[in-house]
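# Architecture and fold: a report
In case you want the letters, here they are:
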Amino acid sequence: MTETQPVLSVVIPLYRESMHLSVTIEEIIGVLKSLVESFEIVLVDDGSPDDTWGAILEQKKRFDQIQGIRLSRNFGKEAALAAGLEYARGSAILVMDGDLQHPPALIPDMLKLWRSGADVVEAVKRSRGKENFISRLRSQMFYGLFTRLTGVDLHGASDFKLMDRRVLNAWLRLYERNLFFRGMNAWLGFRRVQIPFDVAERAGGQTGWSSIKLLKLAMTAVTSFSSAPLYLMILVAVVFAALALPLGLQTLFLKIRGHAVDGFTTVILLILILGSMVMFGIGLVGVYVARIYEEVKGRPRYVIAEQVK
Ligand code: UDP
Ligand code: MG
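Reading guide: rules and limits
- Residues numbered from 1 in each chain as written.
- Chains lettered and ligands numbered in written order.
- Predicted model: local features only at pLDDT ≥ 70, side-chain atom pairs only at ≥ 80, totals over all residues.
- Heavy atoms only, no water.
- Phe/Tyr/Trp six-rings, centres within 6.5 Å; stacked < 30°, edge-to-face > 60°.
- Buried < 20%, exposed > 50% of the residue type's maximum accessible area, 1.4 Å probe, protein only.
- Helix = DSSP H or I, 4+ residues; strand = E, 2+ residues; numbered from the N terminus.
- Lys NZ or Arg CZ within 6 Å of the ring centre and 35° of its normal.
- Patch = residues over 30% accessible without salt bridge, like charges linked within 9 Å, V, L, I, M, F, W, Y side chains within 5 Å.
- Areas by Shrake-Rupley, 256 points an atom, 1.4 Å probe, with all protein chains shown as cover.
- Salt bridge = Lys/Arg side-chain N within 4 Å of Asp/Glu carboxyl O.

### Some points on the packing of aromatic side chains
Scanning the entire structure with this criterion turns up six aromatic pairs. Seen from their ring centres, Phe142 and Tyr143 are 5.2 Å apart, and the 55° between their planes marks the pair as tilted. Comparing Phe142 with Tyr143 shows no difference in burial state: the two are buried. Ring centres 6.5 Å apart and planes at 85° place the aromatic pair Phe142 and Phe180 in the edge-to-face group. Placement of Phe142 in helix α5 (residues 133–150) and of Phe180 in the loop between α6 (165–172) and α7 (181–188) is noted, with a sequence separation of 38 residues between them. Across the pair, Phe180 and Phe142 agree in class, each one buried. Ring pairs connect the aromatic residues Phe142, Tyr143, Phe146 and Phe180, which therefore count as one cluster. The side chain of Arg73 reaches across the aromatic face of Phe75, ending 3.9 Å from its centre.

In structure tokens, the structure reads:
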């Protein structure tokens, strides 16, 4: 690979995508060939258990523009993306998935918008493709909650984005360990243009996101973007304090009148409700403490095992 800076870097995180990698690469290169004078494709193998790394080496033999990075284990898409972004050298950087769910046919329009002055071109999901009711509902709930808590609207947002070098340089200065690319990118600002797209079907294989992984990402997203849940706890405490006042007065009144034995049900209910509220509050604070702990440790976001240039 020449040392000159390519016009475009395409960054693709890969997890168990060996089966259809050649199709993906061919399609992307087919689009790029006539579009930009120079480009590189940064493929990051996120510690796949299948032979994704072998597939990357094979593509490297066919196309000199391929750059391969293999992480030492599965660090998750966000970390793999960070590895690719830190490596990318282009004047514009395109981020997309490796399963052709982000249609390469959209790239010409995205580049055109970038050339006419947009700093970030975001592809926004018009439809979510074939997705079952549960995961649709789940993402609806997540984005609804996220928007309400953080004021950043991510409805339809995807990781299919083209950004200018300046935006990437700004992104590289966000040092947090807990990454949420979509949100961090929105936080950066700059001149943004949106372009709608329909999510295609997977080229093959299956999604690398388990429910646990998604839940973790959602937790990271909310806790790294908002401390609103902590303030919500204070609000709950205020409400309880307001209720405590009349109940306390009533109890004292009954005590003075000599009827203090009644009201066991109330006592039990109060213990149950307050107990669970207090535990919930401590747990919530714990989540934020854990976040702080992870950040303070300052471990690298990923570990690179191998690289081909
Ligand atoms: N991916 C990754 N690490 C993971 C899970 C996924 O790098 O731990 C990559 C995957 O190879 C793909 C992209 O992230 O390029 C999106 O993943 P996937 O298609 O599985 O997610 P979905 O489209 O179902 O949201
Ligand atoms: Mg996908």
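On we go from here.
### Concerning a nonpolar patch on the surface
The grouping of Phe133, Ile134, Leu137 and Met141 at the surface amounts to a nonpolar patch, some 470 Å² of accessible area in total. On the secondary structure map, Met141 appears in helix α5. Judged by relative accessible area, Met141 falls into the exposed class, the value being 57%.

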